[in-house]
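# A structural walkthrough
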Amino acid sequence: MNSSSLRADAGQILNAALQAVLPDSAVQSVLAGRSFGHGRLVLVSIGKAGWQMARAACDVLGNRLTGGIVITKYGHSKGALPGMRIFEAGHPVPDANSIAATREALRVTADLSAEDTVLFLVSGGGSALFAAPLVPLDTLKELTKQLLAAGADITQINAVRKHLSAVKGGRFALHCAPAHVLTLALSDVLGDDPAVIASGPAYPDSSTSEGALAVVRRYGLPLDSEISRLLAQETPKTLHNVETVVAGSVRHLCAAAADACRGLGYAPHLLTDSLCCTARDAGSFLSSIAKTHQNTDHSVAYIAGGETVVRLTGSGLGGRNQELALAAAQQLDGLADTALFSVGSDGTDGPTDAAGGYVDEQTAQRLRDQG
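Note that the structure is a prediction, hence the values are computed from the model and not measured.

### Quick notes on the packing of aromatic side chains
- Summed over all chains, the structure comprises three aromatic pairs.
- Pairing Phe120 with Phe130 gives two aromatic rings, centres 5.7 Å apart and planes at 50 degrees, and the pair type is tilted. You can see Phe120 sitting in strand β4 (residues 117–122) and its partner Phe130 sitting in the loop between α5 (126–129) and α6 (137–150), a full ten residues away along the chain.
- On the basis of relative accessibility, which here comes to 0%, the residue Phe120 falls in the buried class.
- Judged by its relative accessible area of 1%, Phe130 falls in the buried class.
- Ring-pair connections join several aromatic residues into one group, and the members of that group are Phe120, Phe130 and Phe172.

### Here's the deal with α6
- Helix length check: α6, at 14 residues, gives a terminal C-alpha distance of 20 Å against a target of 20 Å (1.5 Å per residue), a fit within 8%.
- If you follow the buried residues of α6, they end up packed against α4 (96–108), α7 (154–163) and α9 (209–218).
- Trailing α6 by a residue or two, Gly151 shows a phi angle of about 95 degrees, which is positive.

### Brief notes about helix α3 (residues 50–61)
- Across its twelve residues, α3 extends 16 Å between first and last C-alpha, which sits within 8% of the 16 Å expected from 1.5 Å per residue.
- Residues Gly50, Trp51, Met53, Ala54, Ala56, Ala57, Cys58 and Leu61 constitute the buried set of α3.
- After α3 finishes, the residue Gly62 shows a positive phi value of roughly 55 degrees.

### Points about the pattern of salt bridges
- Across all of its chains, the model carries 15 salt bridges by this definition.
- For Asp205, the salt bridge identified is with Lys162, shortest N-O distance 2.7 Å. Of this pair, Asp205 sits in the loop between β5 (180–186) and α9 while Lys162 sits in helix α7, and the two are 43 residues apart along the sequence. The two residues Asp205 and Lys162 agree in class, both being buried.
- The partner of Arg229 in a salt bridge is Glu226, with the nearest N and O atoms 2.7 Å apart. You can see Arg229 and its partner Glu226 sitting in helix α10 (residues 225–231), three residues apart, about one turn around the helix.
- Arg229 sits in the partly exposed class, given a relative accessible area of 42%.
- Exposure remark for Glu226: the relative accessible area of 33% places this residue in the partly exposed category.
- Here the residues in one salt-bridge network are Arg85, Glu104 and Arg107, joined through shared partners.

What counts and how
- Just so you know, the residues in each chain are numbered from 1, in the order the chain's sequence is written.
- The predicted nature of this model means local features are confined to residues of pLDDT at least 70 and side-chain atom pairs, given and counted, to a pLDDT of 80 or more, with totals for whole chains, interfaces and linings taken over all residues.
- Only hydrogens and water are removed before side-chain values are computed, so all heavy atoms of the structure are retained for them.
- Stacked, edge-to-face and tilted are the three classes for Phe, Tyr and Trp ring pairs, Trp counted by its six-membered ring, which pair at centre distances within 6.5 Å; planes under 30 degrees apart are stacked, over 60 edge-to-face, the rest tilted.
- Here a helix means four or more residues in a row that DSSP labels H or I, a strand means two or more in a row labelled E, and each is numbered from the N terminus.
- Between buried and exposed lies partly exposed: a residue is buried under 20% and exposed over 50% of the maximum accessible area for its type, with that area taken using a 1.4 Å probe on protein chains only.
- To estimate how far a helix should extend, the number of its residues minus one is multiplied by 1.5 Å.
- Residue contacts follow a heavy-atom distance rule, with two residues in contact if any of their heavy atoms lie within 4.5 Å.
- Salt bridges are defined as contacts in which a side-chain nitrogen from Lys or Arg sits within 4 Å of a carboxyl oxygen from Asp or Glu.

Purely geometric stuff here, so don't read any function into it on its own.
Have a look at this one:
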């Protein structure tokens, strides 16, 4: 098999897997036939798939929606939606637009009654985009950057964010009470814990103040008295007005990728859907597996899903998937009929417009040829 055939197969596997877990179908399958009573139905959609999820909800619910707001990443809105105000804001680090958009979301969900419902759509990036910090924005941004650069994973970062926010860690649901809050989430975290997805704005918080403080101390970040005070406060542990449905996750994606592999004649092997390590180590691990099984008498595909991290040591621009792929390229050098691709299932790889990276047996030599 030549490299162009491998790349074509990789594209087909990726496209088939993503088609199976698109936000549209996930939202439509949950909302179809569901009744929301006679009260107001307000939509709040946050995340990189926020616009797409909101459009699907508008298609299903039509005039039943009484209004709402969409908060998504810059460049991710695709136009007006009926009755919706659409905001674009910063990701992976929140900015002033994140705060302004969240303030508007709090306004449209204020003073609701027990007869009303908030339809809360959540996807990857929601934690940065849905921001109501209890500390100055510059302080929050610097703390987030330091945690990211130090290699903290998403669960650790979100544990800190919850205690420094007026909407995370169940506080948004508390704000909406007594209205019912129905959350439809596309999970981008290991284990699909609703308390972790987007820092759990509408879910009882399982993290503790001791845990949040421990994360900051573990990575040696400075703590002033105000941050210490906020991290020491507990978040809501019980909420009676919430319902949560995880409508899509990395588990669904891995299963769909395996089906696509079978259709192309590969024998798929799911290694894990809970990979948790540095991107560089993941690339080395996966390429080592390829080496071990180099001489099989049939085509095989090894699948892993999860959440890797990158420890920043310079000022280069990229993402975890690109780093994973480049780390693998060195060991795949000259390895016949072998390719690896790593992708961000929510569309972008870190602060870039790339979805990920693809490498094969020729990549390392091409890089050497370019110096």
